[in-house]
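# A closer look at the structure
Chain by chain, the residues:
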Amino acid sequence: MATVPALEKPPVDLAAPPAPARKKGWRDHWHLYAAISPFYLIFLGFGLFPVGFSLYLSFHRWDGLGPMEWAGLSQYQYLLSDGDFWNSIGNTVIIWALATFPMIFLAMVTAVMLNSAVRLKSVYRVAYFLPNVTSVVAIAIVFGSIFSTNFGLVNSVLQAVGLDQVAWLNTPWGIKVTIATLMTWQWTGYNAIIFLAGLQTIPSDLYEAARMDGANPVQTFFRITLPLLRPTLLFVLVVSTVTGLQSFSEPQVLLQTSSNDSTFAGGPGHSGQTMVLYFFQQTFDNNDFGYGAAVAWGIFLVVVLFSIINWRLVQRRGED
């Protein structure tokens, strides 16, 4: 009986590349997408959609109840010639300047003191951070009492040293100084913590080398501390610009603006009427949601412009 020869296995080519693995599609990772989907759904519903709708609304006239009426660019054209809007820009910029630059100086000095403190560092950090987490409305009510014309603490101190009273909440510059003081008090501690974090990233070897070379504390600050803190300073300046140019609760509560008295909005002469306060009055007091949306986009452009200017100024000084 003839035998059938056994089949030989083909030799295995060890140099041949392995077969490519099947690429996994989104169906293989659906549970991961489902886990992160709540954030994107909330952002879409409460972030992206309102922004897009506000842009769409700015090209329409709408009182919030009736049908929308197409307005095109007419509301933006009126915005450019609106004296009250430009007045609110001027008020906001002045208040921002009066608050931001003293606040940055005080925050940096406070951070340097906290960095050199030996005992109770955590207690000091919490104490300086508390104003930032306190309700702005409560702070504004307290400051309204402190700067009151007849019974305020500030005027009592002025009288004690022989000076005249100041009508802080009834004069244009008094209103601006009061709002700026409130904002400075509120944000100094927060920014001091930010500066403190930046100071702790500077190597101590640089300070020891400077002391060995005979540098005094002032030279050390301007030659070592300040240059190395420039990124932190840029962050603080940009954030302070964004928050300062959007001030609303401070003038609203301090001046106790009545929703039924738009002529007194922002205090006498509208001297405390900030951009966001003007937006609030046009939108919710006058029920002009279309023009309010145009004002909101105007505020956005102003904030972006000032942020870019501050960023460029700090960067240029860093290059010099």
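Structure: see above.
Residues numbered from 1 in each chain as written. Predicted model: local features only at pLDDT ≥ 70, side-chain atom pairs only at ≥ 80, totals over all residues. Heavy atoms only, no water.

### With respect to the side chain of Ser 307
In this structure, Ser 307 sits in helix α13 (residues 289–319). Other than its neighbours up to four places away in sequence, Ser 307 contacts Val 238, Thr 241 and Val 242. (Helix = DSSP H or I, 4+ residues; strand = E, 2+ residues; numbered from the N terminus. Contact = heavy atoms within 4.5 Å.)

### Description of unusual backbone geometry
In this structure, Asn 287 takes a positive phi of about 55 degrees despite not being glycine. In this structure Asn 287 comes out as partly exposed when scored by relative accessible area, which is 40%. (Buried < 20%, exposed > 50% of the residue type's maximum accessible area, 1.4 Å probe, protein only.)

### Describing the packing of helix α7 (residues 172–199) against helix α10 (residues 230–244)
At a minimum axis distance of 10 Å, the contact between α7 and α10 shows a crossing angle of 155 degrees. Classed by the angle they form, the pair α7 and α10 counts as roughly antiparallel. Of the two elements, α7 crosses α10, and the hand of that crossing is right-handed. Contact residues: α7 offers Met 183, Trp 187, Asn 191, Ile 194, Phe 195 and Gly 198, while α10 offers Thr 232, Leu 233, Phe 235, Val 236, Ser 240, Thr 243 and Gly 244. (Axes fitted to C-alpha atoms, helices over the stretch in contact; angles between N-to-C directions. Parallel < 35°, antiparallel > 145°, perpendicular 65-115°, else oblique. Left-handed = near helix turned anticlockwise from the far one by under 90°.)

### Brief notes about the packing of aromatic side chains
The geometry of an aromatic ring pair is captured by the separation of the ring centres together with the interplanar angle, meaning the angle of the planes. Counted under the stated rule, the structure contains 21 aromatic pairs. Ring centres of Trp 62 and Phe 289 lie 5.7 Å apart, and the angle between their planes is 50 degrees; on these two criteria the pair is classed as tilted. Taken together, the positions of Trp 62 in the loop between β1 (60–61) and β2 (69–70) and Phe 289 in helix α13 put the pair 227 residues apart, joining distant regions of the chain. Summarising the aromatic geometry, the rings of Phe 143 and Phe 147 are spaced 6.0 Å apart at their centres and angled 15 degrees between planes, so their arrangement reads as stacked. Phe 147 gets classed as buried once you look at its relative accessible area, which sits at 6%. Cluster of aromatic residues (ring-pair linked, three or more members): Trp 62, Phe 248, Phe 280, Phe 284 and Phe 289. The ring of Trp 173 carries Lys 176 above its face, with NZ or CZ at 6.0 Å from the centroid. (Phe/Tyr/Trp six-rings, centres within 6.5 Å; stacked < 30°, edge-to-face > 60°. Lys NZ or Arg CZ within 6 Å of the ring centre and 35° of its normal.)

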